[in-house]
Structures are given as structure tokens and as C-alpha cells.
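# Overview (structure and organization)
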Amino acid sequence: MGCLGALLFLLGGLGALAQICEITEVDSTLVERLGQRLLPWMDRLSPEQLNPSIYVGLRLSSLQAGAKEAHYLHSLKLSYQQSLLSNDNSDSEAKPSMGQLALYLLALRANCEFVGGRKGDRLVSQLKRFLEDEKGAIGHNHQGHPHTSYYQYGLGILALCVHQKRVHGSVVGKLLYAVEHEQHLQQGHFPVDTLAMAGLAFSCLKLSNLNPSQRNRITVALGRVQEKILKAQTLEGHFGNVYSTPLALQLLMASLRPTVELGTACLKAKAALLASLQHKAFQNPLMISQLLPILNQKSYVDLISPDCEAPRVLLEPATETPSQTQVPEFIHVTLKVSSIFPSYRHSVSVPVSSSLEDVLKKAQEHSRFRYGTQASLSGPYLTSVMGKKAGEREFWQLLRAPDTPLLQGIADYRPRDGEAIELRLVGW
């Protein structure tokens, strides 16, 4: 084989390795069922329940929701434009967060729209202000932390990038520094989903060449992100855990550095992910919306130039077979809170398949237990327990006794009979 032939063989092999991270052989029925789980959420049109991620996930998938999809985008536009462009600053709680605004901009791009005009410019300016505020919180010496998270910081950069809006080099520099010096981060490292989001932002910046002076540094950071994600693969094959794997695969699927190690890791991850699909592990709408694109060989980076004419299968609502009326079975769950004095421990009886949120509600009805939550795009999360609120850089962690952190939130986790669940206030 001549030199040219050897080169072509090598390039073809690397291309095949990159494609290994694409999930192409999935039962269409499984994919359709995932999409059907999003349809009820698209009927929830109150401002606090609207979720741009649902629209993005569907537009990057092989599925469509027909008129419901167009109506959902219209509702998103009304809600976000009214809340952000209002001159009334008295109700700041109702205004979208940085992450919500970034996802809204991704939703517009998923419909092949570029933000523009006076309203669009104000939306872009608002997101840039969010990023500048976070940059200030991190500080000149990089010893601080974002008010939100590096995940939202990376998401904000990605959203502006797909709209071809340049982000100041100093803003990008904070995310680059964080990836380069992970010892300053929570527990000394980025979670996998945060790494993946940072990598998607870097991939977009590199492909769009919006920050040419930082191009070499971005390339090196991308390699570091890929290396860290591969090292985080579990024995089962997931990157981090089952719910961070879709976002990790979005990044790895578009990798510009295909290697044999990458190909092997992706094959293992795909097998683990497909097994999770068979076991109906994905119920949360945010997680489903991150998974659907990779089942269509797409990632958020494809929003640089989305294909809005690609054929997609129309979703029909799931049909439920009526079940015979029967007396519900009950399970017993022990609820523990050790981060307060006196500590709390109480056994709760709830119907089978109840969520942890149902357990908390039942405990509040029949004991001294009290709790507070706040809505988010991934569902409600605990903000206070027994009157004790999580402070700055604290959160209420959910654990299955004795010490296993739950991967799902209170609305998604389904306890089993005899389980003990602990609510623990921890710092980060």
C-alpha cells in the first residue's frame, strides 16, 4: 500500500471510530415511547412548567408532535419575551434563569431562527449580562464560583455560539481555566454532565471560529474534556451515571479526536444505554430531551446549522389498556433527617409506585415533618427540610441508606418496600 493509500485507510478508520459513538440501531418503538412521555408535558403551559429543553430535544430527534409542537414554541415565545422584556423589575423571581434563557435561545435555533431585531438583541444582551455577572463571581484570580453553576455557564456560551453571537474572550477564558484547573471545583472535579456541556460549548466555538485568538487553547481543552469523560466511565459502561451519559455521548459523537479508546468506550456506553432504555430508566423530561438527539445521531452542536426539513415521525399519544380495579398494595418507607437537632425518623406507608415526593407529602400530613421545594426544568428540588434552608453552596442530598446518593429527584425516584431514605444537608 502506497503512502496515499495508507493515509486514506487511516482517515477512513478514524472516521469509522467517530461513527462508533453514534447510536444507529435502536428499536423505533422504544424511541417512540420516549417521545410519548414528553407529550403530556407539552400540555403544561404555565410559565413555571414551560421547558424549552423539551422542544429542543424533539426538534433534534426523529420524532415530531405536529401542531402541538408549534403551539408549544408559541407559548415559549410569549412567556419568555413577556417576562424578559417587561419593564417591571419588581417580580425578579418570575424571570428566567441563565440556564432557562440559554435553552430558550437553543429552542429558537432548533426552529432555524436566529435572534434578531430589538427584542432579539435584548434577549442576547440579557444572557451576556448573566455571563458577565457569573464571570465577576468567579473573580479575577479564579478563586470564586458562579452563582449558578459551570453547567449553566457553558450552556450560556453554547446558546450564544449557535446564534453566531461572539462571547468576550474573558468570559470564555473562565470556562477554559475551570477545565484546565479542576482542583478549584466541587470535590476537585467537574461532574460528567458539566464537562460535556463545557465540551459542547468549546466544540461550537471551534467550529464557528468566533474566538480565533483562543482557538489553540479551546482545542486543548476539548481534548482534556474528552479524556476526563472517558476516565469517568463506570464498569457498567455509563459515563458518570446513566443520566449523564446522553450528554457525554452528544459530545463524543462529534469528537474531532477519534481514537481506538474512544471507539471502545462508546461501544460499551451504547450497550449500557440501550439496556437502560429497555428498563424504562428515562422518565424525566429534561433527561429524555437530552437523550432523543443522540438516538437520531444529533447533538446540540448541530444547532449551528439545523436541518428543519428533515422528515420526522408524527407522535401519537400512548394508548393505555384499562386495568382491573383492585385494592392498591402499600409499601413502607423510612424517612430520616440527621442534619437537624433533634434528628427525625419516621416510617411512612404509601401505595406501590409512589414517588419520593409522595412519601414527603404523606410524612408532612402525619408527623412533624416539613419541607419546601423550588421548581426547575428537571423537576422540583428540595430547598428546606424541617425549616432549615440550604445556604449558599449547600443542598439537600437524597440518599438511600446507608450512604447511596440517589440519581433522580424527588418527583422521579420510586422507593421500594423497606427502604430508608435520608435527607442530608451537604456543602459543595
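Refer to the preceding data block for the structure.
In this text the structure is predicted, and so the values were computed from the model without any measurement. Sequence order as written defines the numbering, with residues in each chain counted from 1. Where totals are concerned, whole chains, interfaces and linings use all residues; where local detail is concerned, this predicted model gives features only for residues with pLDDT of at least 70, and gives and counts side-chain atom pairs only at 80 or more. Each side-chain value is worked out from all heavy atoms of the structure, with water and hydrogens disregarded.

## What about the pattern of salt bridges?
What counts is decided by this rule: The term salt bridge refers to a pairing of a side-chain nitrogen on Lys or Arg with a carboxyl oxygen on Asp or Glu at a separation within 4 Å. Only protein chains enter the area calculation, which uses a 1.4 Å probe; residues under 20% of their type maximum are buried, those over 50% are exposed, and those in between are partly exposed.
Per the stated rule, a full pass over the model turns up nine salt bridges. Put simply, Arg424 and Glu422 hold a salt bridge, and the shortest N to O gap is 3.1 Å. The class of Glu422 is buried, set by a relative accessible area of 6%. In this structure, a network of salt bridges that share partners links the residues Arg59, Glu69 and Arg312.

## Points about the packing of helix H7 (residues 150–162) against helix H8 (residues 169–180)
Formally: The convention used is that axes are lines fitted to C-alpha atoms, helices contributing only their stretch in contact, and that angles between N-to-C directions extend from 0 to 180 degrees. Labels follow the DSSP assignment, with helices taken as runs of H or I lasting at least four residues and strands as runs of E lasting at least two, numbered in each case from the N terminus. Each angle receives one of four descriptions, namely roughly parallel if under 35 degrees, roughly antiparallel if over 145, roughly perpendicular if within 65 to 115, and oblique otherwise. The crossing is said to be left-handed when, going from far helix to near helix, the turn is anticlockwise and less than a right angle, and right-handed when the turn is clockwise. Any two residues whose heavy atoms approach within 4.5 Å are treated as being in contact. As a working rule, the residues Ala, Val, Leu, Ile, Met, Phe, Trp, Tyr, Cys and Pro are called nonpolar, Asp, Glu, Lys and Arg charged, and the rest polar, with Gly in that last group.
Relative to each other, H7 and H8 sit at 135°, their axes nearing to 11 Å. Classified by the interaxial angle, the pair formed by H7 and H8 is oblique. The element H7 and its partner H8 pack so that their crossing is left-handed. The segment H7 lies against H8, with Tyr150, Tyr153, Gly154 and Ile157 engaging Val171, Val172, Lys174, Leu175 and Ala178. Split by residue class, the contact of H7 with H8 holds seven nonpolar, one polar and one charged.

## Focus on the pairing of strand S3 (residues 330–337)
The condition that has to hold: We call two strands paired when DSSP finds no fewer than two bridges between them.
Relative to strand S4 (residues 344–351), S3 runs antiparallel, the two being bridged by eight bridges. Looking across to S4, one finds that Val337 is bridged to Tyr344. In textbook terms, the turn of a hairpin is the stretch between consecutive antiparallel strands, and for S3 and S4 this stretch comprises six residues. Where S3 lies against strand S10 (residues 420–427), four bridges are found, and the strand directions are parallel. Counterpart to Leu335 in the pairing with S10 is Ile421.

## What about the state of the cysteines?
Spelled out, the test is: Disulfides are defined as cysteine sulfur pairs within 2.5 Å.
Tallying each qualifying case throughout the model produces three disulfides. Here Cys21 pairs with Cys266 through a disulfide, and the sulfurs are 1.8 Å apart. Between Cys21 and Cys266 the disulfide shows an S-S torsion of about 75°. By sign, it is right-handed. In this pair, Cys21 is assigned in the loop between helix H1 (3–20) and helix H2 (28–38) and Cys266 in helix H12 (residues 260–278), connecting sequence segments 245 residues apart. You can call Cys266 buried: its relative accessible area is 0%. If you count the bonded cysteines of the protein from the N-terminus, they pair up as 1-5, 2-6, 3-4.

## What to know about the nonpolar core
Convention followed: As used in this record, nonpolar core signifies buried Ala, Val, Leu, Ile, Met, Phe, Trp, Tyr and Cys residues forming a set joined through side-chain atoms within 4.5 Å.
Counting residues in each nonpolar core, the largest one holds 102 residues, and the members touching the most others are Leu106, Leu158, Phe202, Ile229, Phe239 and Phe282. What Phe239 contacts, discounting residues up to four positions off in sequence, is Val192, Ile229, Leu230, Ala232, Gln233, Ser244, Thr245, Ala248, Leu249, Leu252, Ala265 and Ala269. In terms of nonpolar packing, the next biggest core, distinct from the first, is built from 25 residues, Leu335, Leu360, Met386 and Trp396 among them.

## Quick look at the sheet that holds strand S7 (residues 388–389)
Where strands meet in a sheet, backbone hydrogen bonds hold them as pairs that are either parallel or antiparallel. Pairing in this open sheet of three strands is antiparallel, and the strands run S5-S6-S7 from one edge to the other. Only two strands of the sheet have a single partner each, and these edge strands are strand S5 (371–374) and S7. Direction of pairing for strand S6 (residues 381–385) relative to S7: antiparallel, over a ladder of two bridges. Counted as the bridge partner of Val385 is Lys388 from S7.

## Thoughts on H8
Since the α-helix advances by 3.6 residues per turn, residues separated by three or four positions end up pointing in the same direction. The test is simple: Expected span of a helix, by definition, is 1.5 Å for each gap between consecutive residues, and there is one gap fewer than residues.
For H8, which comprises twelve residues, the first-to-last C-alpha distance of 16 Å matches the rise-based estimate of 16 Å (1.5 Å per residue) to within 8%. Inspection of H8 places Gly169, Val171, Val172, Gly173, Lys174, Leu175, Leu176, Tyr177, Ala178 and Val179 among the buried residues, and these make up the whole buried set. Buried residues in H8 make contact with helix H6 (117–138), H7, helix H9 (192–208) and helix H10 (215–231).

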